[in-house]
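# Residue-level structural notes
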Amino acid sequence: MTDELLIKRCLELAQKAKGFTAPNPMVGAVLVHNGRIISEGWHRQYGGPHAEVDCLERVLDGDKHLIPECTMYVNLEPCAHQGKTPACALRLVKEAVKSVVICNRDPFALVSGKGIEILNEAGIVTQTGISEKAGLWVNRRFFCFHTQSRPYIILKWAETRDGYIAPADSSRFQITNNGSQQLVHKWRTEEAAIMVGTTTAINDNPSLTARLWEGKQPLRLVLDRNMMVPRFHHVMNIDAPTWIVNEEYDLPGKGLSYVQLNFGAGMLQQLMGKLHEHNILSVIVEGGAQLLNSFIAAGLWDEARIFTGAVDLGGGVAAPGLTDATHAFSTTLAEDNLQVFVRRGSAYQYVEGMEL
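Calculation rules
- Residues numbered from 1 in each chain as written.
- Predicted model: local features only at pLDDT ≥ 70, side-chain atom pairs only at ≥ 80, totals over all residues.
- Heavy atoms only, no water.
- Helix = DSSP H or I, 4+ residues; strand = E, 2+ residues; numbered from the N terminus.
- Expected span 1.5 Å × (residues − 1).
- Buried < 20%, exposed > 50% of the residue type's maximum accessible area, 1.4 Å probe, protein only.
- Disulfide = S-S within 2.5 Å.
- Salt bridge = Lys/Arg side-chain N within 4 Å of Asp/Glu carboxyl O.

### A closer look at helix α7 (residues 178–190)
- Its 13 residues place the ends of α7 19 Å apart at the C-alpha level, agreeing with the 18 Å of an ideal helix rising 1.5 Å per residue.
- For α7, every residue scored as buried is listed here: Ser180, Val184, His185, Trp187, Arg188, Thr189 and Glu190.

The structure is reproduced here in C-alpha cells:
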C-alpha cells in the first residue's frame, strides 16, 4: 500500500462524520504495521475523541505491542493543545509510534507546526504533504475559516432550462425533482448555516430546515433589513436557531435572535466576520437572485451548486450570473442536472473522485 492510498483511506474515514465535527475539522487515522492496517479511527463528533486517539483505542489487545513499530497515517497534523480533549501529538509520543505521515499541516494558530514539532522532538519521524490538494478539499471549510477569517461560502440555486429561477411575480415554483430536494436537505445538515434574503423569506415562506435527511439543523440566517418578514412565517419559529439580520436592533435570544448590521457597503463582509466570531465554519446561500448576485459581485463565494430542472418558464426572474468560476463536475439526478463550480484561483479546488 502506498502513502497516497493510505491517506485516501484517512480522508474516507474523515468524511464519515461530515456535519458533526464543526468547528473542528474532519480527520481520519490509520495505523499500519509492516503494510498491515491494525486499526482505523476518525473524529466522530465535536467534543469526542480525535481521530488519532480513536484509532489507538481501537487497536486489538493482541496488536498493542506492535504500536511502537507502527506508522500512523492522518489527514491533518495532530493537535498540540488541550481543547475539549488532550493533545493528540502528546498521545502519539506516549504510545511511541515509529513515524507519522500527514496530509495537511493544521492552519489553526494553536496547532500550526507545533504538533509536528512535538513529534520530531520525541524522535518520531514525520512526513507531510501527501495528497495535499485532496486534504484541502475535504477540510476546505476549516481551512477557509482559519486562513481567511470567514466561513466557507456555498451558493446554491435551481434554474429552469431557459435560465430562470422564479416566475416574474417571484411566486413559489417547483423546478427540481424530489431526489434533488432530498439532496439539498442532506447538504443543509453538512453546513453550519443557511441564508436567504427578504423576498425569498416572504414569498416562499421556507422552513430552511433539514426535514428530508437526518442530521443537525443549520443556523438559519435571514437578511431582513426593515423587519418585513411576518412573525408567523416558518423562519420565525424555533425549529432551528435563527438570526434575523436587520438594521433596527440587536436582541439575542435562545432560539430566535435579532442581529443588527449596517446594510451599506461591505455589509456581507461584516456579516461573515460576525459569523467567524461565532465559530460558524460554513454557510450555504439559497437565494434569492438579488442576494446571490450580491455575493458574486463582491467576489465573496467559494463554491456554487446549480441545478437545472427539466422545465421552462418563458420569462421571470433571471438566474444569477456566475463569474470567475471553474467547473468542477456535473452529474444527473433523474431529469435534473447538477453542476458544481469553484471560484477561480481558490486554494480549494475540486479533486476528481472526491465527495462534495
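Here the narrative resumes.
### Considering the state of the cysteines
- Using the criterion set out here, one finds 0 disulfides in the structure.
- The thiol sulfur of Cys10 is not disulfide-bonded, and the nearest other cysteine sulfur, from Cys55, lies at 8.1 Å.
- Between Cys103, a cysteine without a disulfide, and Cys10, which holds the nearest cysteine sulfur, the sulfur-to-sulfur distance is 8.4 Å.
- With relative accessibility at 1%, the residue Cys103 sits in the buried group.

### Re unusual backbone geometry
- Cis geometry is found at the peptide bond from Ala22 to Pro23, where omega equals 10 degrees.
- With respect to the element layout, Pro23 can be found in the loop between α1 (3–14) and β1 (28–33).
- Residue Gly288 is reached from Gly287 by a cis peptide bond, and omega for that bond is 5 degrees.
- Locating Gly288 in the fold gives a position in the loop between β12 (282–285) and α10 (289–297).
- Phi at Ser131 is positive, roughly 55 degrees, even though this residue is not glycine.
- Locating Ser131 in the fold gives a position in the loop between β5 (125–127) and α5 (132–138).
- Residue classification places Ser131 among the partly exposed positions, given a relative accessible area of 27%.
- A positive phi angle, close to 55 degrees, is found at Ser149, a residue other than glycine.
- Within the fold, Ser149 resides in the loop between α6 (140–148) and β6 (152–159).

### Brief notes about the pattern of salt bridges
- Counted under the stated rule, the structure contains 19 salt bridges.
- In this structure, Glu191 and Arg141 form a salt bridge, with 2.8 Å as the shortest nitrogen-oxygen distance. Taken together, the residues Glu191 in the loop between α7 and β8 (193–196) and Arg141 in helix α6 connect sequence positions 50 residues apart. One exposure class covers both Glu191 and Arg141, and it is buried.
- A salt bridge links Glu303 to Arg305; the nearest nitrogen and oxygen atoms lie 2.8 Å apart. The two residues Glu303 and Arg305 agree in class, both being buried.
- Within this structure, Arg9, Glu12 and Glu40 form a network of salt bridges that share partners.

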